[in-house]
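Secondary and tertiary structure notes
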Amino acid sequence: TQEVVRHDGDAGHRGDIGYGKIILLGEHSVVYGRHAIAAPIPLNIRAEVKPQREHIDLMIPRWGVEMRLSEPERCISSLHASITLIAERLGVAERGMRVDVVPHIPRANGLGASAALAVAVIRAMARCFEVEISEREISNLAFDCEKIAHGTPSGIDNTLATFGRPILFRKENAGARPEIRDLATPDPIPVIIGLSGVATLTMQTVGNVRTAWQKNPERYEAIFSQIDQLALAGVEALRKGDIAELGELMNIDHGLLNALQVSSWEIEELVEIARRNGALGAKLTGGGGGGAMIAVCEPERTQSIASAMRAASYNTFITEIR
Ligand code: MEV
């Protein structure tokens, strides 16, 4: 059996953290000003910054990253740009520092690793150099880092990575302030996360949807509005703790995400396995085109659904919305 991974909060001094996330309802349409529901997962990214005499060094051993920002040609360009931006905005770009990052979120799975990394580094750098920064400013700066990683982000990933609570999110247009509403559910709802094992390129799936929308805006706006209605109905389902209703909304959302053609062979297999083994709802989560999917079910079904996914050689973990 597999233990439920629980949230470990901010306890301990193992560095500053950014939260990973799942989107329950509303990915992609959220880029077009519609509502989406997101929740944190207990996986996070931790960062620690220590001053050193010169150079800014970034170490992420788990991802094989060892970069010195003064040698840009040997750096991953998006990481170089993000860390440079953070140091500049915090006014410490001239200081020497070593940034150590420990990611517990798998990369390129639509689980918010890039936003969580930005948030963890912002917090750690601000702490190291005693720069005062509010939670909102952290989220905004992480949003600017997300633009480097993803092109046209909605702002939901950086918001979740910063605040780490279940939320209803909407940003009506690029210049607007996001509307963020905390969500609650009476009892924890079990969620199984299935990893397709294929990297998701959010920038690419978001770009593909944009191209389709540009060719036929009315057709795609109609799909986005339908997804918006599902996300709003999801708020009520969560409030009541109605897993069957939430599951149905997720199933329909997955159908509409298929209409946007952002699913993949492996995600479809995982969705099918989850439903056949008793999931009340299953859908891709995040950018799609690979990455991860989520399933909800009654608590007694979680282990058998996860086992069936693992029997088909997929990695899974079990968490809960609370
Ligand atoms: C990515 O986690 C969610 C998308 O809706 C993109 C975004 O909102 O920025 C696909």
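Fair warning: this is a prediction, and the values are worked out from it, not measured in the lab. (Residues numbered from 1 in each chain as written. Predicted model: local features only at pLDDT ≥ 70, side-chain atom pairs only at ≥ 80, totals over all residues. Heavy atoms only, no water.)

Okay, the sheet that holds strand S10 (residues 292-296) next. Sheet strands line up and pair through hydrogen bonds in the backbone, either parallel or antiparallel. One open sheet holds the four strands; their spatial order is S9-S10-S8-S11, and the pairing between them is antiparallel. The open sheet has two edge strands with one neighbour each: strand S9 (281-285) and strand S11 (315-321). If you compare each strand with its neighbour and ignore which way they point, the axes differ by 25° on average. As defined by bridge partners, S9 adjoins S10 across five bridges and the pair is classed as antiparallel. Bridge pairing in S10 places Leu284 opposite Met293. (Pairing = 2+ DSSP bridges. Helix = DSSP H or I, 4+ residues; strand = E, 2+ residues; numbered from the N terminus. Axes fitted to C-alpha atoms, helices over the stretch in contact; angles between N-to-C directions.)

To continue, consider the site of the ligand. Inspection of the region around the ligand gives 13 residues, with Lys21, His28, Pro153, Ser154 and Asp157 positioned closest. Here an oxygen atom of the ligand sits 3.0 Å away from a polar atom, N or O, in the side chain of Lys21. Here Asp157 contributes a side-chain N or O atom positioned 3.0 Å from an oxygen atom of the ligand. When the ligand sits alone it has 300 Å² of accessible area, and the protein chains cover 96% of it. Broken down by secondary-structure element, the contributors of at least two residues to the shell around the ligand are strand S1 (16-25) and helix H4 (156-163). Across the shell around the ligand, the residue classes break down as six nonpolar, four polar and three charged. Of the domains in this structure, domain 1 (16-182) and domain 2 (189-321) are the two that each give at least three residues to the shell around the ligand. (Near = heavy atom within 4 Å. Polar contact = N/O pair within 3.5 Å; in protein donor to acceptor, adjacent residues only side chain to side chain. Areas by Shrake-Rupley, 256 points an atom, 1.4 Å probe, with all protein chains shown as cover. Nonpolar A, V, L, I, M, F, W, Y, C, P; charged D, E, K, R; others polar. Domains from an automatic or database assignment.)

For the rest of this paragraph, the subject is the packing of helix H5 (residues 202-215) against helix H6 (residues 217-240). Packed helices, taken two at a time, are described by the angle between their axes plus the distance between the axes. Two elements in contact, H5 and H6, have axes whose closest approach is 5 Å; the angle formed by their N-to-C orientations is 125°. In terms of axis orientation, H5 runs oblique to H6. Along the contact surface, H5 presents Val209, Ala212, Trp213, Gln214 and Lys215, while H6 presents Pro217, Tyr220, Glu221 and Phe224. Residues of the contact of H5 with H6, tallied by class, amount to six nonpolar, one polar and two charged. (Parallel < 35°, antiparallel > 145°, perpendicular 65-115°, else oblique. Contact = heavy atoms within 4.5 Å.)

Within the largest apolar cluster, 96 residues are counted, with the highest numbers of intra-cluster contacts made by Met125 and Ile193. No other element matches the 12 residues that helix H2 (residues 113-128) contributes to this core. When near neighbours in sequence (up to four residues on either side) are disregarded, Met125 contacts Val49, Ile83, Ile86, Ala87, Leu90, Val92, Met97 and Val99. Grouped together as the second largest cluster of nonpolar side chains are eight residues, Ile23, Ala38, Ile156 and Leu160 included. (Core = buried A, V, L, I, M, F, W, Y, C linked by side-chain atoms within 4.5 Å. Buried < 20%, exposed > 50% of the residue type's maximum accessible area, 1.4 Å probe, protein only.)

Read these as spatial facts, not as claims about activity.
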